[in-house]
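Coordinate inspection notes
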Amino acid sequence: MVSLPGPPATNLLRFLFLGLSTLASPSRAKLDLHMPASLTGLQAVESADVVLPAWYTLPGEVSSAQPWETSTVMWYLVQEGKDPDQVLAYISGTVSNKPGASLVYPMPSRNVSLRLQGLQEKDSGSYLCSVNVHDSQGKERGHGSRSLKLNVLVPPAPPSCRLLGVPRVGTNVTLSCQSPRSKPAAQYQWERPPPSPQVFFAPILDATRGSLSLTNLSTSMSGVYICMAHNKVGSAQCNVTLEVSTGPRATVVAGAVVGTLVGLGLLAGLVILYHRRGKALEEPANDIKEDAIAPRTLPWPKGSDTISKNGTLSSVTSARALRPPQGPARPGALTPTPSLSSQVLPSPRLPRTDGAHPQPISPSPGGVSSSALSRMGAVPVMVPAQSQAGSLV
């Protein structure tokens, strides 16, 4: 890359100084650098080409370059807050330039217009052209500089359309549209295509933010909605389909089902926990302690009458009486309890009678009342009467 010695900023200042010194010296010819009088700035679209026009003249000289004339041409991009950036340099017949930058006419020429191809937004800024002319002997014949502002515009990038809200009958939703890149900022317009054409305006449409508010939805509002993002150099669009339903959406139904299942699971867990807790409380009451002392039983009176297994009172002359336990009871030993069939009851006393008809007797053996015997299942029986001699009558 061929350029003047020193950094670009230093070269720019050097050219400006040379231009001022040329104007101050009356012995040097003045160089006039021209640009269209009505042209204060240029606008171009990104990815397009643009030409920055510039040419110079020497007083008393023809407009075309002379054989003795040697010129040095420099183009700089000056952006706010940045150092000047060299775009193109023509020095001693050699051109050094950035990609996409070139001179429109081959040198030597007094037309030093700059062509920029494949513009990008970052190419916006002020372009400074500086020209310094020398004769064949190296004597400076003149210097001049002019600047021209270039603004690279960007058409809207394809926007993104979204639906915000639940489209059910009677609810409200918002259609959102936003372009990620646009210079100048894009404006937005929503519309419905046929068979239900409709164009929306404020206040439901926000042309700056690209939002469209639809309230109190009905099924007739279902359809395709198109958003158009546009600025002075281009436009782009996207669309969204609105389907207004009369019932809850599938996600709402699924959420309700999941919530119901979770509730049933929690209820079942509480029931199981309640049963386990009740069972744990009952188990200590049913435990049998091996070292528990059995309750003492009262001795049974001896007698000749017992209650049979079928619950009737019969007379037994040689009933086996229970023997009381011999010796003191051992701690922890269990005392057997006689069954009802082995209880010895005293024989009832038979009253004397002179009649021939037997009299029913309600025996109460062992002091047991008739009502108690009835509850125990005993059945009253008729006992034959005995004579004084002891014989049965």
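As a starting point, this report considers the structure included with it. Just so we're clear, the structure is a prediction, and the values are computed from it rather than from any experiment.

Cut-offs and rules
- Residues numbered from 1 in each chain as written.
- Predicted model: local features only at pLDDT ≥ 70, side-chain atom pairs only at ≥ 80, totals over all residues.
- Heavy atoms only, no water.
- Helix = DSSP H or I, 4+ residues; strand = E, 2+ residues; numbered from the N terminus.
- Buried < 20%, exposed > 50% of the residue type's maximum accessible area, 1.4 Å probe, protein only.
- Contact = heavy atoms within 4.5 Å.
- Areas by Shrake-Rupley, 256 points an atom, 1.4 Å probe, with all protein chains shown as cover.
- Pairing = 2+ DSSP bridges.
- Axes fitted to C-alpha atoms, helices over the stretch in contact; angles between N-to-C directions.
- Core = buried A, V, L, I, M, F, W, Y, C linked by side-chain atoms within 4.5 Å.
- Salt bridge = Lys/Arg side-chain N within 4 Å of Asp/Glu carboxyl O.
- Disulfide = S-S within 2.5 Å.

Within the protein chain, the secondary structure is distributed over three helices and 22 strands. Scored against the burial criterion, the 393 residues of the protein chain give a buried share of 29%. Across the protein chain, every contact between residues at least 6 apart in sequence was considered, and the portion connecting residues at least 24 apart equals 60%. Total accessible area on the protein chain stands at roughly 24,900 Å², and carbon and sulfur atoms take up 57% of it.

Further remarks concern the sheet that holds strand 8 (residues 101–103). If you trace the three strands from one edge of the open sheet to the other, you get 3-9-8, paired in antiparallel fashion. Single-partner strands in this sheet number two, and they are strand 3 (50–52) and strand 8. This sheet shows a mean twist of 25 degrees between the axes of neighbouring strands, independent of strand direction. Both strand 8 and strand 9 (residues 114–116) contribute to a ladder of three bridges, which runs antiparallel. Paired with A101 across the strands is L116, a residue of strand 9.

To continue, consider the sheet that holds strand 12 (residues 160–164). Here four strands make up an open sheet; going across it, the order is 12-13-17-16 and the pairing antiparallel. Each having just a single partner strand, strand 12 and strand 16 (205–206) make up the two edges of the open sheet. With four bridges connecting them, strand 13 (residues 173–178) and strand 17 (residues 211–214) associate as antiparallel partners. Each bridged residue has a counterpart across the sheet, and for S176 the counterpart in strand 17 is S211.

Here strand 2 (residues 41–45) shows a clear split, with L42 and A44 buried on one side and none of G41, Q43 and V45 buried on the other. Where strand 2 lies against strand 11 (residues 140–153), five bridges are found, and the strand directions are parallel. Counterpart to Q43 in the pairing with strand 11 is N151.

Before going further, it helps to spend a moment on the nonpolar core. W75, V112, L114, L116, Y127, V131 and L150 are the most contacted members of the largest nonpolar core, which has 30 residues in total. Here this core takes four residues from strand 10 (residues 125–134), the largest share from any one element. Residues within four places of V131 in sequence aside, it is in contact with L31, L33, Y56, T72, V73, V112, G142, H143 and G144. Listed in part, the 20 residues of the second largest apolar core include C161, L217, C227 and V240.

With an omega dihedral of -5 degrees, the bond running from K183 to P184 counts as a cis peptide bond. With respect to the secondary-structure elements, P184 resides in the loop between strand 13 and strand 14 (187–192). Of note, S92 is a non-glycine position whose phi angle comes to about 55 degrees, a positive value. Positionally, S92 belongs in the loop between strand 6 (85–91) and strand 7 (94–97). For S92, a relative accessible area of 65% translates into the label exposed.

Within the structure shown, the criterion is met by three salt bridges. For D85, the salt bridge is made with K98, and the minimal N-O distance between the two is 2.2 Å. Residue D85 is found in strand 6, and its partner K98 is found in the loop between strand 7 and strand 8; the two are separated by 13 residues along the sequence. Residue E121 is joined to R181 by a salt bridge in which the shortest nitrogen-to-oxygen separation is 3.5 Å. Of this pair, E121 sits in the loop between strand 9 and strand 10 while R181 sits in the loop between strand 13 and strand 14, and the two are 60 residues apart along the sequence. Here the salt bridges share partners, and the residues they tie into one network are E46, E121 and R181.

Scanning all chains against the criterion turns up two disulfides. Across a sulfur-sulfur distance of 1.8 Å, C161 and C238 are joined as a disulfide pair. The sign of the S-S torsion, about 75 degrees, decides the handedness of the disulfide formed by C161 and C238: right-handed. Here C238 lies in strand 19 (residues 234–242) and C161 lies in strand 12, a separation of 77 residues in the sequence. For the pair formed by C161 and C238, the shared burial category is buried. Sulfur-sulfur distance for the disulfide between C177 and C227 comes to 2.0 Å. In this structure, the disulfide formed by C177 and C227 twists by about -85 degrees around the S-S bond and is classed as left-handed. With C177 in strand 13 and C227 in strand 18 (residues 223–231), this pair connects stretches of sequence that are 50 residues apart. The exposure classification of C177 matches that of C227, with both residues buried. Each bonded cysteine of the protein chain is numbered by sequence order, and under that numbering the disulfide pairs are 1-4, 2-3.

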